[in-house]
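Per-entry structural report
Chain residues, written in single-letter form:
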Amino acid sequence: HGARTTGRGLLIVFEGCDRSGKTTHCTRLVSELNARFTAQFMRFPDRSTLVGRMIDAYLKGEKELDDHAIHLLFSTNRWEKVDELKRALENGSHVVVDRYAFSGVAFSAAKDGMSMQWCKQPDRGLPRPDLVCFLDVSPDEAQKRGGFGRERYEKLEFQARVRQNYDHLMDDTWQIIQTDHKTMDQVYAEVMAVVERTMQSQINQKPLTPLWP
Ligand code: Z5A
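Cut-offs and rules
Residues numbered from 1 in each chain as written. Predicted model: local features only at pLDDT ≥ 70, side-chain atom pairs only at ≥ 80, totals over all residues. Helix = DSSP H or I, 4+ residues; strand = E, 2+ residues; numbered from the N terminus. Buried ≥ 20, exposed ≤ 12 C-beta atoms within 10 Å, placed from the backbone. Core = buried A, V, L, I, M, F, W, Y, C linked by C-beta atoms within 7 Å. Contact = placed C-beta atoms within 7 Å. Near = placed C-beta within 6 Å. Nonpolar A, V, L, I, M, F, W, Y, C, P; charged D, E, K, R; others polar. Axes fitted to C-alpha atoms, helices over the stretch in contact; angles between N-to-C directions. Parallel < 35°, antiparallel > 145°, perpendicular 65-115°, else oblique. Left-handed = near helix turned anticlockwise from the far one by under 90°. Expected span 1.5 Å × (residues − 1). Arc of directions from axis to C-beta.

Moving on to the environment of aspartate 66. Relative to the elements of secondary structure, aspartate 66 occurs in the loop between α2 (50-59) and α3 (67-79). The class of aspartate 66 is exposed, set by 8 C-beta atoms lying within 10 Å. Taking C-alpha positions, aspartate 66 is 26 Å from methionine 42, a pair spaced 24 residues apart along the chain.

In this section: the nonpolar core. Within the largest apolar cluster, 40 residues are counted, with the highest numbers of intra-cluster contacts made by Ile12, Val97, Ala106 and Cys133. If we skip the residues at most four places from it in the chain, isoleucine 12 touches His94, Val96, Val97, Pro129, Asp130, Leu131, Cys133 and Val195.

Looking at the ligand, there are 26 residues lining it, with Gly21, Thr24, Gly104, Phe107 and Gly146 nearest. Sorting the residues of the shell around the ligand by element identifies α1 (22-34), α5 (101-108) and α9 (184-200) as the ones contributing at least two each. Broken down by class, the residue content of the shell around the ligand amounts to eight nonpolar, nine polar and nine charged.

So, on to the packing of α2 against α3. For any two helices packed against each other, one specifies the inter-axial angle together with the distance between the axes. The N-to-C vectors of α2 and α3 enclose an angle of 140°; their axes lie 9 Å apart at closest approach. Taken together, the axes of α2 and α3 are oblique relative to one another. The chirality of how α2 crosses α3 is left-handed. Of α3, the residues touching α2 (which contributes Val51, Gly52, Met54, Ile55 and Tyr58) are Ile70, Leu73, Phe74, Thr76 and Asn77.

The next thing to look at is α1. Between its terminal C-alpha atoms α1 stretches 18 Å, which fits the 18 Å expected from 13 residues at 1.5 Å a residue. Turning to α1, its buried residues number three or more, namely Lys22, His25, Cys26, Leu29 and Leu33. Taken around the axis of α1, the buried residues stretch over an arc of 105°, which confines them to a single face.

What follows covers unusual backbone geometry. Here phenylalanine 44 and proline 45 are connected by a cis peptide whose omega angle stands at 0°. Inspection of the secondary structure puts proline 45 in the loop between β2 (39-43) and α2. Even without being glycine, arginine 99 reaches a positive phi, approximately 70°. Within the secondary structure layout, arginine 99 lies in the loop between β3 (94-98) and α5. The residue histidine 181 is not glycine, and still its phi comes out positive at about 55°.

Note that all results are geometric; they support no functional claim without further evidence.
Written as structure tokens, this is what we have:
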């Protein structure tokens, strides 16, 4: 009867290839959730930390790093935020995260000599999301959107390998939302529908579990 459900906040992650609209929809979701609950936004890489600044320099091509080393920095960047993330969830705030460990694996494992299995190890034990919204976009469509091609990984062939890797990471917490030929409002309506469904599942009454145990 309209009683507010208590329990921890939901951990909602957005994943997808370049230009799929993650940031746009995360930001809107956080502001709309905040009208009814408490919600906060996190993003990875978080370029504001010391580790994040190294990642930023790498992505901009200002710094070269071994593939394993950069992979571990991306993971460290999540672990340095894990207390803040857990605390928010335990205080009942929903947390909407723009990219997470799945990006870590999908991007690093798209490089020669980097296996999916090796790439998963450092992120094992992070909180497992309640929902992963995967925003899908075709390479053609992505190229038409703003800002494509500035950073290190923003190349068509590489993005195609990333997209394939994502297929291997999907499980029952993932919802794939196709964004080609849809307006941002149409995509957002689909995002909201899966978020509402996750809320109704009462999964936030259950404790968080570890990712890739
Ligand atoms: N990376 C990694 O290797 N390992 C890791 O562990 C992590 C990340 C966490 C930087 O990520 C890079 O780091 C990234 C993965 C790697 N490399 N790549 N590619 P980032 O998250 O900091 O930055 P980003 O990946 O460059 O953001 P993005 O993916 O490019 O953008 P987005 O957030 O998905 O999209 P957007 O900014 O919301 O929208 C892009 C544009 O498209 C914008 O102009 C929108 O107005 C437009 N748009 C969005 N939706 C639509 C629709 N439906 N129609 C028309 N136009 C649209």
